[in-house]
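Residue-level listing of the chains:
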Amino acid sequence: MNELLVFVCDGAPVRGEIVSISTAWQAVLERRNDPPAVRRILGDFVGAATLLSASLKFDGTLIIQAQSKGPIQLLVVECKSDLSMRATVKLSVDATEISPDASLGELLDASNTGRLVITLDPSEREPGQPPYQGIVALQEHRGNTIKPVASAAEAIGLYMQNSEQLDTRIWLTSNDTHIGGLLLQRMPDSGGHAHLDPQIAAEGWTRIQTLGETITNEELLTLPPQTILRRLFLEESSENGVRSFPPRQIRFSCRCSRTKVADVLRMLGEEEVKGILAEQGAVETVCEFCSKPYRFDAVDCLQVFKTELLSDATRPPSSGH
Ligand SMILES: [Zn+2]
């Protein structure tokens, strides 16, 4: 089950999503060797990325990055609008040093350096136009006290509060085989739900949130989205109407390639690459997302820099100033 279900309520200005990921998540994990506490955080953020991607209004990629000077130096989840995703984590300490019950606050140094960066990168971006990026610290300042975030859901909630105009609630959970998530979003009162009286709309948003709050991690991890939707909103559905759209599939997919590694070698420069060849006989690297190994021997490297010369030759001559 790797499904995302989008639904809308007829009696409340609410759009929702339920996600359940199993084999696509296992495909991420089997390529990695993260300690249990890190897997749980990564799983929650993978769930979050799929939920946020499903509401993108353009074709592109949503990237969640958590950065800190804590044990998790960098965590990256990329999800495209077709719901193909990949994820990676870079630790600053040895994996064996991380306790199985370490919290997100500890691992991402949420009381001090941790921050969350969410990037929306349209695939048809104008040249020179930067992708949209939102950044939040992983802590809440209340007067003189700092409250570090305790979970991925709380971190995403902070981000939504800061950057999105729409009230959003999110529930996330994961284990070594499954990820489950629920998102509820209040739609603008003008627009599709303009027919709702403002007071009825406000009551509807409260009512749907109250129903959402009854969801358990157990349900999110074990039940298909359709069943969760039926259970949570049984009464709402019969009294006011809840409509769902055909479920969408989520899959693991890495976009790494030999061509992209060759580009990295070109960026390193011929001298640097020659140095590595002299020392190690070949340039060997592993994709940080899918662990696929790439090996460029001396002949391959020669080819890499020859291609650059070729593409240089096809460029128009410089104007000479
Ligand atoms: Zn890869």
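In the block above lies the structure referred to throughout.
Bear in mind that the values here come from a model prediction, so they are computed numbers and not experimental data. Starting from 1, residues in each chain are numbered consecutively following that chain's sequence as written. Side-chain atom pairs in this predicted model are given and counted only at pLDDT of 80 or more, local residue features only at pLDDT of at least 70, and totals for whole chains, interfaces and linings cover all residues. Heavy atoms from the whole structure form the basis of all side-chain values; hydrogens and water molecules are not counted.

Peer 1: What am I meant to see in the overall build of the chain here?
Peer 2: The way it works is that DSSP assigns letters per residue, a run of H or I at least four long becomes a helix, a run of E at least two long becomes a strand, and they are numbered from the N terminus. When its secondary structure is counted, the chain shows 11 helices and 16 strands. Across its three principal directions, the C-alpha atoms of the chain cover 70 × 50 × 45 Å. Contacts are residue-level and defined by heavy atoms, with any inter-residue pair within 4.5 Å sufficient. Of all intrachain contacts in the chain linking residues separated by at least 6 positions in sequence, the fraction that spans at least 24 positions is 64%. On the chain, roughly 16600 Å² of surface is accessible, and the fraction owed to carbon and sulfur atoms is 51%. Accessible surface is estimated by sampling points in the Shrake-Rupley manner with a 1.4 Å probe; for residues, cover comes only from the protein chains shown.

Peer 1: Help me understand the packing of aromatic side chains in this model?
Peer 2: To describe a pair of aromatic rings, you give the distance between the ring centres and the angle between the ring planes. Ring pairs are drawn from Phe, Tyr and Trp, using the six-membered ring of Trp, whenever the two centres fall within 6.5 Å, and their geometry is named by plane angle: stacked under 30 degrees, edge-to-face over 60, tilted for the rest. Counting across every chain of the model gives 1 aromatic pair. Their ring planes at 45° and their centres at 5.4 Å tell us that Phe 7 and Phe 233 sit as a pair that is tilted. Here Phe 233 lies in the loop between helix 7 (225-232) and helix 8 (234-239) and Phe 7 lies in strand 1 (residues 2-9), a separation of 226 residues in the sequence. Accessibility here uses a 1.4 Å probe with only protein chains present; expressed as a share of the type maximum, an area under 20% marks a residue as buried, one over 50% as exposed, and anything in between as partly exposed. Overall, the relative accessible area of 0% leaves Phe 7 in the buried class. By definition here, charges over rings are those cases where NZ of Lys or CZ of Arg is within 6 Å of the ring centre and within 35 degrees of the ring normal. Taking the ring centre of Phe 289 as reference, the NZ or CZ of Arg 86 above it sits at 3.8 Å. Here the basic side chain of Arg 258 rests over the ring of Phe 296, its NZ or CZ set 4.0 Å away from the ring centre.

Peer 1: Is there a simple way to explain the pairing of strand 11 (residues 179-186) in this structure?
Peer 2: Looking down a regular strand, the side chains alternate between one sheet face and the other. Counting buried positions along strand 11 gives 8 out of 8 residues, so the element sits mostly inside the fold. Two strands are said to pair when DSSP picks up at least two bridges between them. One ladder, built from 8 bridges, connects strand 2 (residues 14-21) with strand 11; its direction is antiparallel. Within strand 11, the position partnered with Ser 20 by the bridge is Gly 180. By the bridge criterion, 7 bridges tie strand 10 (residues 168-174) to strand 11 in an arrangement that is antiparallel. If you follow Thr 173 over to strand 11, its bridge partner there is Gly 180. Between strand 10 and strand 11, which pair antiparallel one after the other, the connecting turn spans 4 residues.

Peer 1: Even after reading the chapter, I still don't get the packing of helix 2 (residues 36-53) against helix 4 (residues 152-163), so can you show me in this structure?
Peer 2: Angle between the axes and distance between the axes: these two values describe a pair of packed helices. As a packed pair, helix 2 and helix 4 sit with axes 9 Å apart at the nearest point and diverge in direction by 35°. Between helix 2 and helix 4, the residues in contact are Asp 44, Phe 45, Ala 48 and Leu 52 and Ala 152, Ala 155, Ile 156 and Met 160, respectively. Classifying every residue of the contact of helix 2 with helix 4 by side-chain character gives 7 nonpolar, no polar and 1 charged. Each axis is a line fitted through C-alpha atoms, and for a helix only the stretch in contact is used; angles between axes span 0 to 180 degrees, taken between their N-to-C directions. When residues are grouped by polarity, Ala, Val, Leu, Ile, Met, Phe, Trp, Tyr, Cys and Pro land in nonpolar, Asp, Glu, Lys and Arg in charged, and all others, Gly among them, in polar.

Peer 1: What am I meant to see in the nonpolar core here?
Peer 2: Nonpolar side chains in soluble globular proteins tend to end up buried together. With 73 residues, the main nonpolar core has Phe 45, Ile 64, Leu 75, Leu 116, Ile 118, Ile 156 and Phe 296 as its most contacted residues. For this core, the element with the highest residue contribution is helix 2, accounting for 10 residues. Ignoring anything within four residues of it in the chain, the contact list for Ile 118 reads Leu 52, Leu 62, Ile 63, Ile 64, Tyr 132, Gln 133, Gly 134, Ile 156 and Tyr 159. For the purposes of this section, nonpolar cores are sets of buried Ala, Val, Leu, Ile, Met, Phe, Trp, Tyr and Cys residues that join through side-chain atoms within 4.5 Å. One finds Phe 7, Cys 9, Ile 18 and Trp 171 within the second-largest nonpolar core, a separate group that totals 19 residues.

Peer 1: So what exactly am I meant to see when it comes to the coordination of the zinc ion here?
Peer 2: In ideal tetrahedral geometry, four donors around a metal make angles of 109.5 degrees, whereas ideal octahedral geometry with six donors gives angles of 90 or 180 degrees. At this site the zinc ion is bound by Cys 254 (SG), Cys 256 (SG), Cys 287 (SG) and Cys 290 (SG), with donor distances of 2.2 to 2.3 Å. The coordination sphere of the zinc ion comprises 4 donor atoms, whose angles at the metal cover 105 to 116°; the geometry is tetrahedral. In the primary sequence, the donor residues of the zinc ion line up as C-x1-C-x30-C-x2-C. The pair formed by Cys 287 and Cys 290 is uniform in burial state, with each residue classed as buried. Water is not among the atoms examined, so metal sites may look incomplete; donors are the N, O and S atoms within 2.8 Å of the metal, or within 3.2 Å for Na, K and Ca. All geometry calls rest on donor angles, where a four-donor set with angles between 85 and 135 degrees is tetrahedral, four- and six-donor sets with opposite donors more than 155 degrees apart and all others between 65 and 115 are square planar and octahedral, and all else is irregular.

Peer 1: What should I look at first to understand helix 9 (residues 258-268) in this one?
Peer 2: Along an α-helix, residues three or four positions apart point the same way, because every turn accommodates 3.6 residues. Val 261, Ala 262 and Leu 265 are the residues of helix 9 that are buried. Taken around the axis of helix 9, the buried residues stretch over an arc of 105°, which confines them to a single face. Pointing more than 90 degrees away from the buried face of helix 9 are the exposed residues Thr 259 and Met 267. Just downstream of helix 9, Gly 269 is the residue with a positive phi angle, here 100°. As used here, the arc belongs to the directions running from the helix axis to the C-beta atoms.

Peer 1: What's the story with a nonpolar patch on the surface in this structure? I'm lost.
Peer 2: Surface patches are defined over residues having more than 30% relative accessible area and no salt bridge, joining like charges when they lie within 9 Å and nonpolar side chains (Val, Leu, Ile, Met, Phe, Trp, Tyr) when within 5 Å. One speaks of a salt bridge when a side-chain nitrogen belonging to Lys or Arg is within 4 Å of a carboxyl oxygen belonging to Asp or Glu. A grouping of Val 264, Met 267 and Leu 268 is seen on the molecular surface, where their side chains present a nonpolar patch of about 320 Å² in accessible area. Turning to its location among the elements, Met 267 is positioned in helix 9.

Peer 1: Explain the side chain of Glu 140 to me, please; I cannot follow it from the model alone.
Peer 2: Secondary-structure assignment places Glu 140 in strand 8 (residues 139-142). Distance and chemistry together define a polar contact, namely a pair of N or O atoms within 3.5 Å, with one atom able to donate a hydrogen and the other to accept it when in protein, and with adjacent residues in sequence counting only for side-chain atoms on both sides. Side-chain polar atoms of Glu 140 contact the side chain of Arg 142, separated by 3.5 Å. Setting aside chain neighbours within four positions, we find Glu 140 in contact with Thr 145, Ile 146, Lys 147, Glu 154 and Leu 158.

Peer 1: Would you mind going over the side chain of Arg 32 with me for this structure?
Peer 2: For Arg 32, the position within the fold is in the loop between helix 1 (23-29) and helix 2. Under the relative-accessibility criterion, Arg 32 is labelled buried at 16%. At 3.1 Å, the side chain of Arg 32 forms a polar contact with the backbone oxygen of Val 89. When sequence neighbours within four positions are dropped, the list of residues in contact with Arg 32 reads Leu 42, Ala 87, Thr 88, Val 89 and Glu 288.

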